[in-house]
Number of protein chains: 2
Amino acid sequence: MNELTISLKSSSKIPLYEQIYSYIKADIQNGRMGYREKLPSTRALSRYLEVSRSTVELAYEQLLSEGYIESEPYRGFFVAQTEELYRLKKEKTDVPVQEKARRKYRYDFSPNGVDLRSFPYNVWRKLSREILIDDRTELFRSGDPKGEHGFRNAISSYLHQARGVNCSPEQIIVGAGSDYILMLLSMILGGEYRIAFEDPVYKQAYRMANALSYKTVPVSLDKNGMKVSELEKSGADIAYVTPSHQYPTGIVMPINRRMELLRWAAKRENRYIVEDDYDSEYRYKGKPIPALQGYDAHEKVIYLGTFSKSIAPAIRLSYMVLPGPLLEKYEKKDHFVHSTVSKVDQLIVQRFIEEGYYERHLNKTRALYKSRHDVLIEELKGMSDILNISGEHAGVHLLLTFKNGMSEEELIKRAEKEDIRVYGLSDYRIQKSADERATILLGYANLTEEQIREAVKILNHCFRL
Amino acid sequence: MNELTISLKSSSKIPLYEQIYSYIKADIQNGRMGYREKLPSTRALSRYLEVSRSTVELAYEQLLSEGYIESEPYRGFFVAQTEELYRLKKEKTDVPVQEKARRKYRYDFSPNGVDLRSFPYNVWRKLSREILIDDRTELFRSGDPKGEHGFRNAISSYLHQARGVNCSPEQIIVGAGSDYILMLLSMILGGEYRIAFEDPVYKQAYRMANALSYKTVPVSLDKNGMKVSELEKSGADIAYVTPSHQYPTGIVMPINRRMELLRWAAKRENRYIVEDDYDSEYRYKGKPIPALQGYDAHEKVIYLGTFSKSIAPAIRLSYMVLPGPLLEKYEKKDHFVHSTVSKVDQLIVQRFIEEGYYERHLNKTRALYKSRHDVLIEELKGMSDILNISGEHAGVHLLLTFKNGMSEEELIKRAEKEDIRVYGLSDYRIQKSADERATILLGYANLTEEQIREAVKILNHCFRL
């Protein structure tokens, strides 16, 4: 008992029992008290420390629960076998700290931009406030794994009306972003699939498929999109396509090619088409191209949609529409997976759709992006001798193919010198080939009309030197 | 041109160009217009329909974009090859509609309950309102893949102080619920691992591992938790454990067993321990048991935590703390995966922690659950002749092992007849064995003290007949 050097601080915020516990634990850890050593009785220690017996009992109970001491009936408390305790010193590893300092440009033609100044903050705040008042406990209970039924209902109506998608709310699964949706889809699919990707490709999905350990294979495009003859030869089971607006080339897959693709899928039971309808909302000429899913008579199309592009990137809300056979698989074996989207967010977006805010927001941003698109096209006219434009009239970027002999690298470097960021098509290619014409992507969602005018003037100059 | 039977409704809400487009598209789809058939010129059709020429042009452009017609320079427009068009009639499959009607009980002793009446609605609403006013555009921009730095900082401080976890914010990855965290972890781990689970087991994690195609193996428990000797023999690379409060038995793994487990992991490079610290917040005697992670000197422990249990199930917010080698893997190959939690939710919970609301909420619910726990223990005293209690003093459920010869099935059925739901331990076993003693789980988080008193009185009666 002489061994125990405990000096209690009654003024401390730490309870007395915890102070006693810490002293004894430290003594055991650093070896000052050894295996089988007997601890003073609670009565003796409480008298010695001038604290109540229950205080000491509480300390001993904690040491018992954590396994530092053992109690033997009628004999008292003993130090447990802890001589093999790890030394608590950490072998410090250097954690790789990621480079976060991405260069900021004066003009950034990012093709992934979203104009956030037009985000309807007031509506969002109002809906959020109303929902938090409305519902109370129900709102914070665990929700439907697929997403709330009312929300899926709203999505289903929207998809039917705006995209020609044929589905019931039961086929829809809501998830926190498109990456998550692909993770869940890979759980549902299970097994081994070879996935064909368009080349050039929407990189995020391609990377996800690889990270999820799928075999992937690039299939090249002609002017109608993915070449189905090449797809057939590739040995792929799943074709990942963006038929309404190929990313990044902007190709709209015509009805014939769609039918060819659907026929390819119908040939084998385990073949599927993933239709990523990531930005169908933005089309500046005529009406939106209907989804491929609407023509699918053999339950082959997995349709993916998202609100992250059309509302805001930080809204982590995407969904998929499963064809019958995969829905059955999901219900059978993956239905236990909890939803990843909070009910509050689901309700906000549900009311955002149902009360017409979504349509108004789309109309507003469509008009905004169209103006920027038109200004960009107008300004680029002055460069028609050195480049051809493609992929215009839809989405939030277009492509410039150069005929002035400069390489993509050269073009990007020249823009960079002027503090302008432009994007090379080769970054989106899976298979690099030397004979491709230099092509630059210009996104306009994040730039004002004035900025677009200024930047193109500079580009027109620096691409000619 | 006689073939075209177009009757335009100028009073319709559908634009004229869209009506023309729809008529022609329908004629092509149902075969009334065949391949290579020439369409009327835009000039002729506009005169015939008495609409402006640009209206017809818009209709033709849409048909062109979707690939129903083709244009030939100087010759005009022709129907494209579409005779192989799929019939648009759907083969309707019956979508399996899930059974949702779960029986409601008068008293439900669910071990997964959370008291939502004590949820701090007003604080939540206040924080949510303040955050939506504060930040504007920044709030809706794409966030850090790991979660916002400020939030991870708050978690790191909390973990250090409350759980003895040793980590920097860089090691923390936030995700929308524990199921998602396991999906992401499986992406980071990659390759083939055999995962050992405690038997009886926390079923959700066990099911996730199986659904993620891992090989799983059950390892039985003694009074100190997972048997490391059996683990060694099992050939597992990863041990999934709940050391601070084994689910569902309530066993606290003593320091010796923890060290044994850490030594097991240190033996091979690819071995890891997953520490699921799902409900360490609730302990009614002494202080919380420190996390295993705090003793890990060889970067072997993957620590999992969640706010879904301690705040509310609908708050989809969990996190993991990665050891150095896995963090490196993540940074190298999975850092591109977008976060699944909205910034708004992250900021709410960050401020909830930083401004002391979380601690207060934990204290409040801990006191609440302790009262219910104490009432339950008190009421069960009258049944000490037919059962033994274990797993008490922590969590939100305890276990009753019966010595009156009744089987679990019998006990559950008898309770059911009285409209009381109790849970059998066999549901949590991976390997069933006939010689296990009948054991019932009683959760008390969702029942009032009054309800507990009433229900136990009924059980005491019906378990004796």
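Conventions adopted
Residues numbered from 1 in each chain as written. Chains lettered and ligands numbered in written order. Predicted model: local features only at pLDDT ≥ 70, side-chain atom pairs only at ≥ 80, totals over all residues. Heavy atoms only, no water. Pairing = 2+ DSSP bridges. Helix = DSSP H or I, 4+ residues; strand = E, 2+ residues; numbered from the N terminus. Contact = heavy atoms within 4.5 Å. Axes fitted to C-alpha atoms, helices over the stretch in contact; angles between N-to-C directions. Buried area = accessible area lost by both parts, 1.4 Å probe. Salt bridge = Lys/Arg side-chain N within 4 Å of Asp/Glu carboxyl O. Polar contact = N/O pair within 3.5 Å; in protein donor to acceptor, adjacent residues only side chain to side chain. Nonpolar A, V, L, I, M, F, W, Y, C, P; charged D, E, K, R; others polar. Buried < 20%, exposed > 50% of the residue type's maximum accessible area, 1.4 Å probe, protein only. Phe/Tyr/Trp six-rings, centres within 6.5 Å; stacked < 30°, edge-to-face > 60°. Lys NZ or Arg CZ within 6 Å of the ring centre and 35° of its normal. Expected span 1.5 Å × (residues − 1). Arc of directions from axis to C-beta. Least-squares fit on C-alpha atoms with pLDDT ≥ 70 in both. pLDDT = per-residue confidence, 0-100. Parallel < 35°, antiparallel > 145°, perpendicular 65-115°, else oblique. Left-handed = near helix turned anticlockwise from the far one by under 90°. Core = buried A, V, L, I, M, F, W, Y, C linked by side-chain atoms within 4.5 Å.

1. Some remarks on the sheet that holds strand S15 (residues 423-424) of chain B
Pairing between the strands of a sheet comes from backbone hydrogen bonds, and it takes one of two forms, parallel or antiparallel. Residues and elements named next belong to chain B. The sheet built from 4 strands is open, its strands ordered S12-S13-S16-S15 with antiparallel pairing. Of all strands in the sheet, those with a lone pairing partner are strand S12 (387-390) and S15, marking the two edges. In terms of strand pairing, S15 meets strand S16 (residues 439-443) through 2 bridges, oriented antiparallel. Paired with Tyr423 across the strands is Leu441, a residue of S16. In the packing of helix H13 (residues 357-380) onto the sheet, contacts are made with S12, strand S13 (397-402) and S16, and the angle to S13 comes to roughly 15 degrees.

2. Details of the interface of chain B and chain A
Quite often, the size of an interface is put as the accessible area lost when its parts meet. Counting residues at the interface gives 101 residues for chain B, matched by 100 residues for chain A. The junction of chain B with chain A conceals about 8800 Å² of combined surface from both sides, 60% of it contributed by carbon and sulfur atoms. For the pair chain B and chain A, the interface holds 4 salt bridges. Across the pair A:Glu18 and B:Lys287 runs a salt bridge whose closest N-O atoms are separated by 3.8 Å. At the junction of chain B with chain A, the criterion picks out 22 residue pairs in polar contact (both at pLDDT 80 or more). No other element matches helix H4 (residues 121-134) of chain B, which puts 7 residues into the side of chain B that touches chain A. Each residue belonging to the side of chain B that touches chain A can be placed in one class, and the counts come to 46 nonpolar, 23 polar and 32 charged.

3. Overview of the side chain of B:Glu299
Its place among the elements puts B:Glu299 in the loop between strand S9 (272-276) and strand S10 (301-306). Judged by its relative accessible area of 14%, B:Glu299 falls in the buried class.

4. Quick notes on the packing of aromatic side chains
Residues and elements named next belong to chain A. Applying the stated criterion to the full structure yields 43 aromatic pairs over all chains. Residues Phe352 and Tyr357 carry aromatic rings whose centres are separated by 6.1 Å and whose planes lie at 25 degrees to one another, so their mutual orientation is stacked. Accessibility assignment for this pair places Phe352 and Tyr357 in one class, buried. Above the face of the Tyr428 ring, Lys203 is positioned so that its terminal group lies 5.3 Å from the ring centre. It is Arg421 that lies over the ring of Tyr423; its NZ or CZ is 4.2 Å from the centre.

5. Describing helix H3 (residues 53-66) of chain A
In a regular helix each residue adds 1.5 Å, so 14 residues correspond to 20 Å; H3(A) covers 20 Å between its end C-alpha atoms and thus fits that length. By the burial criterion, the buried members of H3(A) are A:Thr55, A:Val56, A:Ala59, A:Tyr60, A:Gln62, A:Leu63 and A:Glu66. The buried residues of H3(A) occupy one face: seen down the axis, they fall within an arc of 155 degrees. Tucked inside the fold, the buried residues of H3(A) contact helix H1 (16-29), helix H2 (42-49), strand S1 (69-72) and strand S2 (76-79) of chain A together with helix H10 (255-266) of chain B. Directly after H3(A), the chain includes A:Gly67, whose backbone phi takes a positive value near 85 degrees.

6. Quick word on the relation of the copies chain B and chain A
Note on the identical chains: chain B maps onto chain A by a rotation of 180 degrees and an axial translation of 0.0 Å, with an RMSD of 0.1 Å. Classification of the inter-copy transformation places it as that of a two-fold axis. Interface residue correspondence from chain B to chain A reaches 99%, placing this contact among same-surface, isologous pairings.

7. Section: the confidence of the model for chain A
All names here are of chain A. Here chain A averages 90 in pLDDT, and 94% of its residues register 70 or above. Confidence over residues 87-94 falls short of pLDDT 50; this stretch has 12 contacts with residues more than four positions distant or in other chains. Here the prediction assigns the complex a pTM of 0.88, and the interface score ipTM is 0.87.

8. Some words on the environment of A:Leu45
Structurally, A:Leu45 can be placed in helix H2. A C-alpha to C-alpha distance of 7.1 Å links A:Leu45 and A:Val56, two positions 11 residues apart in sequence.

9. Topic: the side chain of A:Asp144
Looking at the element boundaries, A:Asp144 is found in the loop between helix H5 (137-140) and helix H6 (149-163). A distance of 3.3 Å separates a polar atom in the side chain of A:Asp144 from a polar atom in the side chain of A:Arg152.

10. Focus: the packing of H13(B) against helix H15 (residues 449-462) of chain B
Residue and element names in this part refer to chain B. As a packed pair, H13 and H15 sit with axes 9 Å apart at the nearest point and diverge in direction by 20 degrees. In terms of axis orientation, H13 runs roughly parallel to H15. Of the two elements, H13 crosses H15, and the hand of that crossing is right-handed. Note on element contacts: H15 touches H13 through Glu449, Ile452, Arg453, Val456 and Lys457, opposite Ser371, Arg372, Val375, Leu376, Glu379 and Leu380. In terms of residue class, the contact of H13 with H15 is made up of 5 nonpolar, 1 polar and 5 charged.

11. Details of the nonpolar core
With 144 residues, the main nonpolar core has A:Phe140 and B:Phe140 as its most contacted residues. Among the nonpolar cores identified, the runner-up in size contains 68 residues, and A:Ile302, A:Leu322, B:Tyr193 and B:Phe197 belong to it.

12. So, unusual backbone geometry
Residues and elements named next belong to chain A. With an omega dihedral of 5 degrees, the bond running from Tyr247 to Pro248 counts as a cis peptide bond. Summarising the element assignment, Pro248 is placed in the loop between strand S8 (238-241) and helix H10 (255-266). In the Ramachandran plot, Tyr74 falls in the positive-phi region, its phi being about 70 degrees despite a non-glycine side chain. Of note, Tyr74 is situated in the loop between S1 and S2.

13. Here's the deal with the pattern of salt bridges
All names here are of chain A. According to the stated counting rule, one finds 62 salt bridges over all chains in the structure shown. With a closest N to O distance of 3.9 Å, Arg103 and Glu416 form a salt bridge. In this pair, Arg103 sits in the loop between S2 and strand S3 (107-108) while Glu416 sits in helix H14 (residues 408-417), placing the two residues 313 residues apart along the sequence. By relative accessible area, which is 45% here, Arg103 ends up partly exposed. Bridged by salt links that share partners, the residues Lys126, Glu130, Arg351 and Glu355 form one connected network.

14. Focus on the sheet that holds strand S15 (residues 423-424) of chain A
All names here are of chain A. An order of S12-S13-S16-S15 is seen for the 4 strands of this open sheet, with the pairing classed as antiparallel. Looking at the sheet topology across the chains shown, the edges are occupied by strand S12 (387-390) and S15. Along the sheet, helix H13 (residues 357-380) contacts S12, strand S13 (397-402) and strand S16 (439-443); its crossing angle with S13, the most-contacted strand, is approximately 15 degrees.

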